[in-house]
2 protein chains.
Amino acid sequence: MRATLMYQAGDVRIVEVPDSRIEHPTDALVRITASCICGSDLHPYHQMTADKGPARMGHELIGVVEETGSEVTTLAKGDLVVSPFAISDNVCEFCRENLQTSCVHAHAAFWDGLEEGGQAEAVRVPLADGTLVKLPVAPDSALVPSLLTLADVFGTGYHAAKMAGVQPGQKVTVIGDGAVGLMAVLSAQRLGAEQIILMGRHQDRTDLGREFGATDVVADRGEEGIARVRELTGGHGTHAVLEAVGHMPAYEQAIGVVRPGGVISRVGVPQYEEAPVGFRSLFRHNIRLAGGPAPVRAYIEELMPDILDGTIEPGKVFDASTDLDGVPAGYRDMDERRSLKVLVRP
Amino acid sequence: MRATLMYQAGDVRIVEVPDSRIEHPTDALVRITASCICGSDLHPYHQMTADKGPARMGHELIGVVEETGSEVTTLAKGDLVVSPFAISDNVCEFCRENLQTSCVHAHAAFWDGLEEGGQAEAVRVPLADGTLVKLPVAPDSALVPSLLTLADVFGTGYHAAKMAGVQPGQKVTVIGDGAVGLMAVLSAQRLGAEQIILMGRHQDRTDLGREFGATDVVADRGEEGIARVRELTGGHGTHAVLEAVGHMPAYEQAIGVVRPGGVISRVGVPQYEEAPVGFRSLFRHNIRLAGGPAPVRAYIEELMPDILDGTIEPGKVFDASTDLDGVPAGYRDMDERRSLKVLVRP
């Protein structure tokens, strides 16, 4: 079968690999019908050294169950399923608390750490009963792009808003106009935020952000951007800041725009380890810090109905589509900001 | 009148100063009947340079109202009152949200930033209506030491537990066996924590901690201390970590013992600005960071009844008592860990 491999920064290829197959009785073999390229795939696309490669890519996928291991009880051949970016048993102590990204099962993992991946023809899914969720549509449904966002970006944006405890009537800043940032806007709107300020500088994206519920757009960065948000909020900043970038300037911007007593909720994977948290930055005004890898598995059942009935259309973040052969160009287009998010139909 | 001045690190003197007097119509003049030395007073006692001095000391006080400004409406001469360590109007946007330490009134301040202080014979209290709370006892009541803890240490320990969202049945680690740490133990117990692990190495203090509700005491620090807490909690650490020290090793210890999805709530004033918050430390397992200067004003009415009816006795943290002349020796005793907390009766 064919799969996407990254050999090092900037070097993505479609390669013939051994067919995926059941290895454990809790596995399922899934024939992939829709996958995509993630903003977080661009981190290795910028930084990966050759000794770390080649790595199988893709952690968002929808597909048809082709075979199940002997211990899989909730899935059958022919089911259309979506897989979160994290493998979990969904029954351990942490999964039961809706923290599936900290599942303690020995086979729990992120797709990005496995020898399988979603940008491929097929995939072995470990802990299939815990990980996969059945979709009540056909593989060629027009809802597939929106349902695919449940694998990562919508659940991740929603996690940012949930961990920030966004309440009706609150003011929220979203930092970053990538797919996760736009999903954070949609999520803040869903939770009843009154003012949603989107910080981003790509007008086609911020226009989509306005469609998802952003009330204000701030294109300025740094001190100018901070001053603009404070101006828009009567001087004090916003209760919640949803940080969907992961670079230090975004963190510093978050500190600049958060209201006393407010919360910075991070879902952009931090590209730094140390950051200001002392008296001047967080402590003086009781600013809280929250977030982490989103347990998107926890949110799928909650978010799916609004997609199925057409209330929301998160799939609008896909502005390009390709087959497997077009994946390397898809990385390039996303890296050069020509595409927001590329859908892959293997 | 006489007051405590710190000239520089290690140099505390009782000095004749001009009598305190009403300056603004919202002020009250209070004759101090009980005050104390705080663990946080030891930070300048270690670090203050001569150019920063002399500074008036003391931010916890009980006293009798002697005179009120023309706009003070809720207090009268003769009232016994307690003052939080932060001056606030108690009516602004942030005070109404119970974040009095971020009060936006022009006269809002911490006592430590004012030309007045609690370790003195009298004090001018700005924003008296907002700041002071009447006490329904006489100045010589045996309850005064416990009521004095409402000015800072009890409210601060309680803030740590509240900001951590301590719930019935949870496991909690308290880092630090100073007065605030012990009050955090009492607070976690009050909020229903099932297991309360106190990390501290002074047995007289940890014994008092056990009396306040600690179920386990860990005297080890660093990796040994972390391993011991994990052993006591089935391997995963505790839902909440209440950090009542403020030094980097305490922060690192907190990261070591917090459970995935858990929260580190800091009330020890950070003696650092940058700290680990990236993928390895906080992000990977959705660890949250909370805390800051406690809005103790918000907690006084809630915590006082249990003191008045004898349910709790937080005043047990005072293990020494002195008049003003004994204050310099009190600093020395606390610094050398001969006293836990020194009560001052001017």
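Not measured: the values here are computed from a predicted model. (Residues numbered from 1 in each chain as written. Chains lettered and ligands numbered in written order. Predicted model: local features only at pLDDT ≥ 70, side-chain atom pairs only at ≥ 80, totals over all residues. Heavy atoms only, no water.)

1. Observations regarding the side chain of Thr322(B)
Residues and elements named next belong to chain B. What counts is decided by this rule: Numbering of helices and strands runs from the N terminus, with a helix taken as a DSSP run of H or I at least four residues long and a strand as a DSSP run of E at least two residues long. Only protein chains enter the accessibility calculation, which uses a 1.4 Å probe; a residue is then buried when its area is under 20% of its type maximum, exposed when over 50%, and partly exposed in between. Pairs of N or O atoms are called polar contacts if they sit within 3.5 Å, as long as, within protein, a hydrogen donor faces a hydrogen acceptor (for residues adjacent in sequence, only side-chain-to-side-chain pairs). Residue contacts are counted whenever heavy atoms from the two residues lie within 4.5 Å of one another.
Mapping Thr322 onto the fold places it in strand S18 (residues 320-322). Residue class for Thr322 comes out buried when judged on its relative accessible area of 16%. Looking at Thr322, its side chain comes within polar contact range of the main-chain nitrogen of Gly326, at 3.4 Å. Those residues within four positions of Thr322 in sequence are excluded, and the remaining contacts are Val327, Val342, Leu343, Val344 and Arg345.

2. Overview of the environment of Ala294(B)
Residues and elements named next belong to chain B. Examined against the element boundaries, Ala294 turns out to sit in the loop between strand S17 (288-291) and helix H11 (300-308). Relative accessible area serves as the criterion here: at 2%, Ala294 is assigned to the buried category. The spatial distance from the C-alpha of Ala294 to the C-alpha of His159 is 5.7 Å, given a sequence separation of 135 residues. Leave out the neighbours within four places in its chain, and Ala294 touches Phe85, Thr101, Gly155, Thr156 and His159.

3. Description of the packing of helix H5 (residues 153-163) of chain B against H11(B)
Residue and element names in this part refer to chain B. Applied cut-off: Only C-alpha atoms enter the line fits that serve as axes; for helices the fit covers just the stretch in contact. Angles between N-to-C directions range over 0 to 180 degrees. Angle categories: roughly parallel below 35 degrees, roughly antiparallel above 145, roughly perpendicular from 65 to 115, and oblique for all the rest. Should the near helix be turned anticlockwise from the far one by less than a right angle, the crossing is left-handed, and should it be turned clockwise, the crossing is right-handed. Under the grouping applied here, Gly and all other residues not named as nonpolar or charged are polar, the nonpolar ones being Ala, Val, Leu, Ile, Met, Phe, Trp, Tyr, Cys and Pro and the charged ones Asp, Glu, Lys and Arg.
Interhelical geometry of H5 versus H11 gives an angle of 120° and a closest axis separation of 11 Å. Regarding the angle of H5 to H11, the classification is oblique. Crossing handedness for the pair H5 and H11: right-handed. Residues Phe154, Gly155, Tyr158 and Lys162 of H5 touch H11, and the partners they reach there are Glu302, Leu303 and Ile307. Its residues assigned to classes, the contact of H5 with H11 comprises 4 nonpolar, 1 polar and 2 charged.

4. Regarding the sheet that holds strand S2 (residues 11-16) of chain A
Residue and element names in this part refer to chain A. Selection rule: In short, DSSP must find at least two bridges between two strands for them to pair.
Judged by pairing direction, the sheet is antiparallel, and its 3 strands sit side by side in the order S2-S1-S4 without closing on themselves. What marks the edges here is a single partner per strand, and that holds for S2 and strand S4 (55-56). Where strand S1 (residues 2-8) lies against S4, 2 bridges are found, and the strand directions are antiparallel. Note that in S4 the partner of Leu5 across the bridge is Arg56.

5. Side note on the packing of helix H5 (residues 153-163) of chain A against helix H6 (residues 179-190) of chain A
Residues and elements named next belong to chain A. Running from amino to carboxyl end, H5 crosses H6 at an angle of 55°, the nearest separation of the two axes being 7 Å. The pairing of H5 with H6 is recorded here as oblique in orientation. Where H5 crosses over H6, the two elements pack in a sense that is right-handed. Contacts between H5 and H6 involve Val153, Phe154, Thr156, Gly157, Tyr158 and Ala161 on the former and, on the latter, Ala179, Val180, Met183, Ala184, Leu186, Ser187, Ala188 and Arg190.

6. Considering the relation of the copies chain B and chain A
Short version of the rule: Residues reaching a pLDDT of at least 70 in both copies supply the C-alpha atoms on which the copies are superposed by least squares.
When chain B is fitted onto chain A, the two copies agree to an RMSD of 0.0 Å after a turn of 180° and an axial shift of 0.0 Å. One copy is carried onto the other by what is essentially a two-fold rotation axis. For chain B, the residue whose C-alpha comes nearest the rotation axis is Leu289(B), separated from it by 2.5 Å. A shared interface surface links the copies, since 100% of the contact residues of chain B are contact residues in chain A too.

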